[in-house]
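Examining the three-dimensional arrangement
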Amino acid sequence: ASIWSGDETRPLVVDLLTLYVIETTQRGLAPALLHGLQRHHAHIAGDATMYFRVRARDSRAHAIVARAALQAWYDSLDPSELRSHALAAHRAYWEMLDSIADSAPS
């Protein structure tokens, strides 16, 4: 969560990069997760699947907005620093999913 939320000293461009990473990751993953929930847990519906339905529907548009905002900053950025943060944000997403899966009842 701290990688995603940052703090008041984190530059806006890093927040935008974080948003871009989250949205592009979820864009491909949310439909698969929603399908898995519906297939294996047919009784789950409505509000319980709302997050994944919204992510599957809206993540592409959100990623486009974040990317456009990032492009305005691109020339003034250190690519290796951005790559490092992007990898950390992406890894944090997968660690969150692993944590949820590990805590789910068998």
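Residues numbered from 1 in each chain as written. Predicted model: local features only at pLDDT ≥ 70, side-chain atom pairs only at ≥ 80, totals over all residues. Heavy atoms only, no water.

**As for the nonpolar core**
- Of all hydrophobic cores here, the largest spans 10 residues; its members are Val13, Val14, Leu16, Leu17, Val21, Leu70, Leu77, Leu82, Ala86 and Ala89.
- Every element with two or more residues in this core is listed here: helix H2 (12-40) and helix H4 (79-103).
- When residues of this core are assigned to their parent elements, the largest contribution, five residues, is made by H2. (Core = buried A, V, L, I, M, F, W, Y, C linked by side-chain atoms within 4.5 Å. Buried < 20%, exposed > 50% of the residue type's maximum accessible area, 1.4 Å probe, protein only. Helix = DSSP H or I, 4+ residues; strand = E, 2+ residues; numbered from the N terminus.)

**A few points about H2**
- Compared with an ideal rise of 1.5 Å per residue, which puts 29 residues at 42 Å, H2 spans 40 Å between its outermost C-alpha atoms and is within 8% of the ideal.
- Taken as a whole, H2 carries its principal kink of about 40° at arginine 27; the proline proline 31 stands between one and four residues after it. (Expected span 1.5 Å × (residues − 1). Bend = angle between axes of the 7 residues up to and from the residue.)

**Some points on the layout of surface pockets**
- Put simply, the second largest pocket is a space of about 160 Å³.
- As for the second largest pocket, its lining consists of Leu17, Tyr20, Arg67, Leu70, Gln71, Tyr74, Leu77 and Leu82.
- Mapped by element, the contributors of at least two residues to the lining of the second largest pocket are H2 and helix H3 (47-73).
- Examining the composition of the lining of the second largest pocket, we find that three residues originate from one element, H3, more than from any other.
- Partitioning the lining of the second largest pocket into residue classes produces six nonpolar, one polar and one charged. (1 Å grid on protein atoms, 1.4 Å probe; cavity = no way out; pocket = protein on both sides within 12 Å on 5 of 7 lines; lining within 4 Å. Points joined across faces, edges and corners; volume = space filled by probe spheres on them. Nonpolar A, V, L, I, M, F, W, Y, C, P; charged D, E, K, R; others polar.)

**Thoughts on the packing of aromatic side chains**
- On inspection of all chains with the given rule, the structure shows one aromatic pair.
- When the ring of tyrosine 93 is compared with that of tryptophan 94, the centres are 6.3 Å apart and the planes differ by 80°; the resulting orientation is edge-to-face. (Phe/Tyr/Trp six-rings, centres within 6.5 Å; stacked < 30°, edge-to-face > 60°.)

**Section: the packing of H2 against H4**
- Between H2 and H4, the least distance of the axes is 9 Å, while the angle of their chain directions is 40°. On the basis of the axis angle, H2 is oblique to H4. Our pair here, H2 against H4, has a crossing hand that is right-handed. Side by side, H2 and H4 meet where Val14, Leu17, Thr18, Val21, Thr25, Gln26, Leu29 and Leu33 of the first sit next to Leu82, His85, Ala86, Ala89, His90, Tyr93, Trp94 and Leu97 of the second. (Axes fitted to C-alpha atoms, helices over the stretch in contact; angles between N-to-C directions. Parallel < 35°, antiparallel > 145°, perpendicular 65-115°, else oblique. Left-handed = near helix turned anticlockwise from the far one by under 90°. Contact = heavy atoms within 4.5 Å.)

**Side note on the environment of leucine 17**
- Looking at where leucine 17 falls in the secondary structure, it is placed in helix H2.
- For leucine 17, a relative accessible area of 10% gives the class buried.
- Residues leucine 17 and tryptophan 4, 13 residues apart in the sequence, show an inter-C-alpha distance of 9.8 Å.
- Those residues in contact with leucine 17 that lie beyond four places of it in its chain are Leu70, Leu82, His85 and Ala86.

**Let's talk about the pattern of salt bridges**
- With the rule as written, the count across this model stands at one salt bridge.
- Aspartate 15 is paired through a salt bridge with arginine 10; the nearest N and O atoms lie 2.6 Å apart.
- Of the residues examined, arginine 10 reaches a relative accessible area of 15% and is grouped as buried. (Salt bridge = Lys/Arg side-chain N within 4 Å of Asp/Glu carboxyl O.)

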